[in-house]
Each structure stands twice: as C-alpha cells, then as structure tokens.
Amino acid sequence: MTKQQLMEKGAICFDKITEGLRSYADVKLVMDEKKALAHFKSLRKEYGAEYAYADFYYFRLNFDAREMVNELLSPEDISYLELLCPLPGEEEEEIIFPLDEKLLKIIVRLNASEMLFSTIYFIASERCERVRTTWWGNYGKEYICFKDR
C-alpha cells in the first residue's frame, strides 16, 4: 500500500515531525521492546487488525544496511520479510503494510535497537471509540503519538 492510499483510509500522515507537532496533539512514551510489543498488540486488538498499519523501509535499504538489520533478526523473521517484499519497481511506493503480529515484533525490536525506525498507524472506525493515532518510533526507545486535537 502507498502512503496516499493510507491517507485515503483516514490515517494521520505527514513527512516531517515538525508538521505533526504543529498539527496534532502529541504525547511521548518511553517503552522498551517488551512494553512496546504489549502496548501495540493491545491497540491492534482494540482498533481491529484491519485498521492497523505500519511503514517499513527495510526494502529501501541498500545491501549493506539490510545486512546490518538482518543481524538483529532471526532466520524466521528474514524469511517472513521475504514474503512481504514488494515486486520490482514497487519499492519506492509500497512501504505501508498491514500490521500483523510478526511484523509488529520485528518493528519493535528494530525500533528498540535504533537500527530502523517505523511508524505505526491506527485508523479510527465504528468498532473502536478511540481517535486515530500515529506512532513515530524515535531514539531512546521513545514513541511519539500523534492524534487529532
């Protein structure tokens, strides 16, 4: 999925953190890998799996950078990522993926290690009373949550 398609679904999307800080309410949470995994699994359940997405730039990394990331992953993780790999030519656009449990585990591990940051999106729906939120992974095991004011 492209970022434009995610925006059409109703997600909060922006390119620069200053845009997010200017346009949305924000809160910062510091969570290690274990806490982040539990937190986002809970939100995914609350919002519904079909309303949870993540950007994941792994496929845009050059060979050397990808090899460094792979050192933090299990062979099973790497095999799973191979299944997600966009088709040739789609690497520049297709960076948004449904947030399933396997991808979530990989994302929180990479965020915690500061090796590769991802953004997690939860889209509001009639099944969930929460507002839409976007969570930016950041240094120091910090996640910045953006939501409507």
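Notes on the structure follow.

The rules behind each value
- Residues numbered from 1 in each chain as written.
- Predicted model: local features only at pLDDT ≥ 70, side-chain atom pairs only at ≥ 80, totals over all residues.
- Heavy atoms only, no water.
- Axes fitted to C-alpha atoms, helices over the stretch in contact; angles between N-to-C directions.
- Helix = DSSP H or I, 4+ residues; strand = E, 2+ residues; numbered from the N terminus.
- Parallel < 35°, antiparallel > 145°, perpendicular 65-115°, else oblique.
- Left-handed = near helix turned anticlockwise from the far one by under 90°.
- Contact = heavy atoms within 4.5 Å.
- Nonpolar A, V, L, I, M, F, W, Y, C, P; charged D, E, K, R; others polar.
- Buried < 20%, exposed > 50% of the residue type's maximum accessible area, 1.4 Å probe, protein only.
- Lys, Arg positive; Asp, Glu negative; His and termini not counted.
- Salt bridge = Lys/Arg side-chain N within 4 Å of Asp/Glu carboxyl O.

## Thoughts on the packing of helix α5 (residues 75-84) against helix α6 (residues 101-113)
- Contact geometry for α5 and α6: axes closest at 11 Å, N-to-C directions at 115 degrees. One way to sum up the angle between α5 and α6 is to call them roughly perpendicular. Crossing of α5 against α6: the hand is left-handed. Note on element contacts: α6 touches α5 through Lys102, Leu103, Ile106 and Arg109, opposite Asp77, Tyr80, Leu81 and Leu84.
- Residue composition of the contact of α5 with α6, grouped by class: 5 nonpolar, no polar and 3 charged.

## Some thoughts on the side chain of Glu142
- Tracing the chain through its elements places Glu142 in strand β6 (residues 142-147).
- Among buried charged residues, Glu142 stands out as having no salt bridge; its nearest opposite-charge side chain is Lys28, 5.1 Å away.
- Each residue touching Glu142, except ones within four places of it in the same chain, is listed here: Lys28, Leu29, Val30, Trp136 and Gly137.

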